[in-house]
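An overview of the molecular structure
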Amino acid sequence: MYIGSIDQGTTSTRFIIFDKQGQIISLAQKEHAQLYPQPGWVEHNPDEIWCNTKEVIQKALKQANLTPKDLVAVGITNQRETTVMWNRYTGKPYYNALVWQDTRTSALVTELSAEAGPDRFREQTGLPLATYFSSLKIKWLLKNVATLEKDALKGEVLFGTMDTYLLWHLTGGMKGGLHLTDVTNASRTQLMDLRTLQWDEGLLETFGIPRSILPKIRSSSEVYATAKGVLEGVPLAGILGDQQAALVGQTCFRPGEAKNTYGTGCFMLLNTGDSLTQSTHGLVTTVAYQLGNQPVQYALEGSVAIAGALVQWLRDNLGLIEKSSDIETLARTVEDNGGCYFVPAFSGLYAPYWRSDARGVVAGLTRFVTKGHLGRAALEATAFQTLEILEAMEKDAGVRLSELRVDGGMTVNELLMQFQSDLLNVPVVRPTMIETTALGAAYAAGLAVGYWKDLDDLRQNWGIEKTWKPQMPRAKRNAMYRSWRKAVRRSFGWEE
Ligand SMILES: Nc1ncnc2c1ncn2[C@@H]1O[C@H](COP(=O)(O)OP(=O)(O)O)[C@@H](O)[C@H]1O
Ligand SMILES: O=P(O)(O)OC[C@H](O)CO
């Protein structure tokens, strides 16, 4: 028997079937369209994502000659914050999903920050006011989509992040689909109180959000329901936001353990155990996971909006490369960045700056700079942003990381991994399994049904595939970091 995992990411949707050793038995993946109707707007079509989900489930099962009966449970993990609103009777979305990177709510950020600053909800939610989180996306949709607010007041509208939307469909949709989410996803809406783990009435009132549209909040690991349709009869037993899922997949269960996931964006999470640590250095506080009725575990998170997305942009918008993996070949055509620094503030800058007014900048251009230098600067941008996050994390948590566990699509890039280790001046460790996001959701589901006994059982599945050790002289590292920070300052204040 096996465990299945739906990984609904920003770029694509995967279904992965794992065995007890956490090895992949079968994997199917499909990309969905990225919609950019206006500068700064990013949308996904929820119907397309639901169709892709069904398709990858069927494909992965078929490839391995399996049926849903061979799965003891399925977990769901998802891009967080991305907001969908649909009609409970027709199942029809009122609008495309507003993706976490979307910046259309920046005027609302300014408006709400005017009264008491951007940190006015930090104590309850762990989050600053930013375009990133679901609260303002819901507010925007309610105000701007015809009939939505009216229908919401009539009790016809359901809100969900992608976990909720998929779970509702997987459990029957219009015919009694379950409307719930887990604590990790709820902690990214900016509507849940981190201490009570309940929707907060005061926040709902401030953002103007009716209670009736919100899902129930449950733990990350329990049997929520038995699936209908494509996964007929399989217990749906785990839900985790994708970055929390990667933390679980990397078996970072002890306080002080951290991972960094390099996908569309880049997200470092540090387990802080059952203590709720508020950041004073620009990170966010979030729920790490809650396994059944065990105490909730928290994390500090450094969120970077644009990492692999910059590689995609060079590919799709500039045509500089054909496929993402070509970026490494391009960057290796030169020895260094040629003095060029690329700050990808396409969605403003998230941690540790939280500047909605920042926009992308390439600094240090001269006639010497080639496309190779640009490619290199694009890769280095991810490593510099990670360095800033790590520094903030060490200050907030009062710890020194002795190594960094990495995962995600970009970690196949050897040049990036070496540069990352050079910049951080700590070893970078890539585990044997880099599909840690899907694995984390599989673990959550498998623990709920007793497929895995306990956390030690899971730890045994973790192993190191490769380690990169720092090689760069300190003076060079410091000089490059100085230039990066200068370039970052150049990106501020562009959007007025
Ligand atoms: N060899 C590579 N070098 C750098 N970036 C890469 C490489 N291969 C893929 N990527 C980037 O990794 C991202 C996909 O990683 P993934 O973990 O699947 O992301 P997500 O979960 O956000 O959809 C894309 O943004 C892509 O551009
Ligand atoms: O889908 P990913 O891997 O880009 O992750 C997106 C994050 O969950 C956004 O908060």
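For the protein, an unreviewed UniProt entry supplies the name Glycerol kinase and the organism Siphonobacter curvatus.

The local shell around ligand 2 consists of Gly9, Thr10, Gln79, Arg80, Glu81, Trp100, Tyr132, Asp242, Gln243, Thr264 and Phe267. With respect to ligand 2, the side chain of Tyr132 contributes an N or O atom lying 2.7 Å from an oxygen atom. Protein chains bury 93% of the 310 Å² of accessible surface belonging to ligand 2 in isolation. Looking at side-chain class alone, the shell around ligand 2 contains 3 nonpolar, 5 polar and 3 charged residues.

Bringing the pattern of salt bridges into the picture now. With the rule as written, the count across this model stands at 31 salt bridges. Arg355 is the salt-bridge partner of Asp357, the closest N and O atoms lying 3.0 Å from each other. Bridged by salt links that share partners, the residues Arg80, Glu81, Arg188, Asp242 and Glu301 form one connected network.

Okay, the site of ligand 1 next. By nearness alone, 18 residues border ligand 1, and Thr11, Arg14, Thr264, Gly409 and Asn413 come closest of all. With respect to ligand 1, the side chain of Thr264 contributes an N or O atom lying 2.5 Å from an oxygen atom. Asn413 is positioned with one of its side-chain polar atoms (N or O) 3.0 Å from a nitrogen atom of ligand 1. In isolation ligand 1 has 580 Å² of accessible area, and contact with the protein removes 86% of it. Of all the secondary-structure elements, those providing two or more residues to the shell around ligand 1 are β2 (12-18) and α10 (308-316). Sort the elements by how many residues they give to the shell around ligand 1 and α10 lands first, with 4 residues.

The subject of this paragraph is the nonpolar core. One finds Tyr132, Tyr262, Val343, Trp354, Phe384 and Trp484 to be the most contacted residues of the largest nonpolar core, which totals 99 residues. No other element matches helix α12 (residues 371-397), which puts 12 residues into this core. In contact with Phe384, other than residues within four places in its own chain, are Tyr341, Phe419, Leu423, Met480, Tyr481 and Trp484. Counting 35 residues, the second-largest nonpolar core is a separate cluster that includes Met85, Leu136, Met192 and Leu204.

Turning to the UniProt feature "binding site: glycerol" (unreviewed entry) in the protein, a few remarks are in order. Mapped onto the present numbering, the UniProt feature "binding site: glycerol" (unreviewed entry) falls at Arg80, Glu81, Tyr132, Asp242 and Gln243. With respect to the helices and strands, the residue Arg80 is situated in the loop between β5 (71-78) and β6 (84-87). Using a relative accessible area of 2% as the deciding quantity, one classes Arg80 as buried. Setting aside anything within four residues of it in sequence, one finds Arg80 in contact with Trp100, Tyr132, Asn185, Arg188, Gly241, Asp242, Gln243, Gln244, Phe267 and Glu301. Relative to the assigned elements, Gln243 resides in helix α9 (residues 242-249). Relative accessible area serves as the criterion here: at 5%, Gln243 is assigned to the buried category.

Time to look at the sheet that holds strand β23 (residues 464-468). Either a parallel or an antiparallel arrangement is found when strands of a sheet pair, and the pairing is made through backbone hydrogen bonds. Strand order in the open sheet made by the 7 strands is β17-β18-β16-β15-β21-β22-β23, with mixed pairing throughout. The open sheet has two free edges, formed respectively by β17 (284-289) and β23, since each of these has just one partner strand. Between one strand and the next, the sheet's axes are offset by a mean angle of 30°, whatever the strand orientation. Looking at chain direction, strand β22 (residues 428-431) and β23 are connected through 4 bridges and run antiparallel. Within the sheet, the bridge partner assigned to Val428 lies in β23 and is Trp468. Set on the sheet, helix α13 (residues 414-424) makes contact with β15 (258-262), β21 (404-407), β22 and β23; between it and β23 the angle comes to about 55°.

A few words now on the UniProt feature "binding site: ADP" (unreviewed entry) in the protein. Mapped onto the present numbering, the UniProt feature "binding site: ADP" (unreviewed entry) falls on Thr10, Arg14, Thr264, Gly308, Gly409 and Asn413. Inspection of the secondary structure puts Gly308 in helix α10. Overall, Gly308 belongs to the buried group, its relative accessible area being 12%. Not counting residues up to four positions away in its chain, the partners in contact with Gly308 are Gly263, Thr264 and Met410. Looking at where Asn413 falls in the secondary structure, it is placed in the loop between β21 and α13. Not counting chain neighbours up to four residues away, the residues in contact with Asn413 comprise Ile327, Glu328 and Leu379. At a separation of 3.2 Å, a polar atom in the side chain of Asn413 contacts the main-chain amide nitrogen of Leu415.

This part is about the packing of α12 against helix α16 (residues 474-491). Relative to each other, α12 and α16 sit at 95°, their axes nearing to 11 Å. On the basis of their axis angle, the class for α12 and α16 is roughly perpendicular. Between α12 and α16, the contacting residues are Glu380, Ala381, Phe384, Gln385, Leu387, Glu388 and Glu391 on the first element and Met480, Tyr481, Trp484, Arg485 and Val488 on the second. When the residues that make up the contact of α12 with α16 are grouped by side-chain class, the tally is 7 nonpolar, 1 polar and 4 charged.

Glancing now at the pairing of β21. Residue alternation in β21 divides its side chains into two sets, Leu404 and Val406 and Arg405 and Asp407, and both sets are buried. Across 3 bridges, β15 lies against β21 in parallel orientation. Bridging across to β21, Lys259 finds its partner in Arg405.

Here is what the cut-offs are and how they apply
Residues numbered from 1 in each chain as written. Chains lettered and ligands numbered in written order. Predicted model: local features only at pLDDT ≥ 70, side-chain atom pairs only at ≥ 80, totals over all residues. Heavy atoms only, no water. Near = heavy atom within 4 Å. Polar contact = N/O pair within 3.5 Å; in protein donor to acceptor, adjacent residues only side chain to side chain. Areas by Shrake-Rupley, 256 points an atom, 1.4 Å probe, with all protein chains shown as cover. Nonpolar A, V, L, I, M, F, W, Y, C, P; charged D, E, K, R; others polar. Salt bridge = Lys/Arg side-chain N within 4 Å of Asp/Glu carboxyl O. Helix = DSSP H or I, 4+ residues; strand = E, 2+ residues; numbered from the N terminus. Core = buried A, V, L, I, M, F, W, Y, C linked by side-chain atoms within 4.5 Å. Buried < 20%, exposed > 50% of the residue type's maximum accessible area, 1.4 Å probe, protein only. Contact = heavy atoms within 4.5 Å. UniProt positions renumbered as here; feature names shortened; annotations may be inferred. Pairing = 2+ DSSP bridges. Axes fitted to C-alpha atoms, helices over the stretch in contact; angles between N-to-C directions. Parallel < 35°, antiparallel > 145°, perpendicular 65-115°, else oblique.

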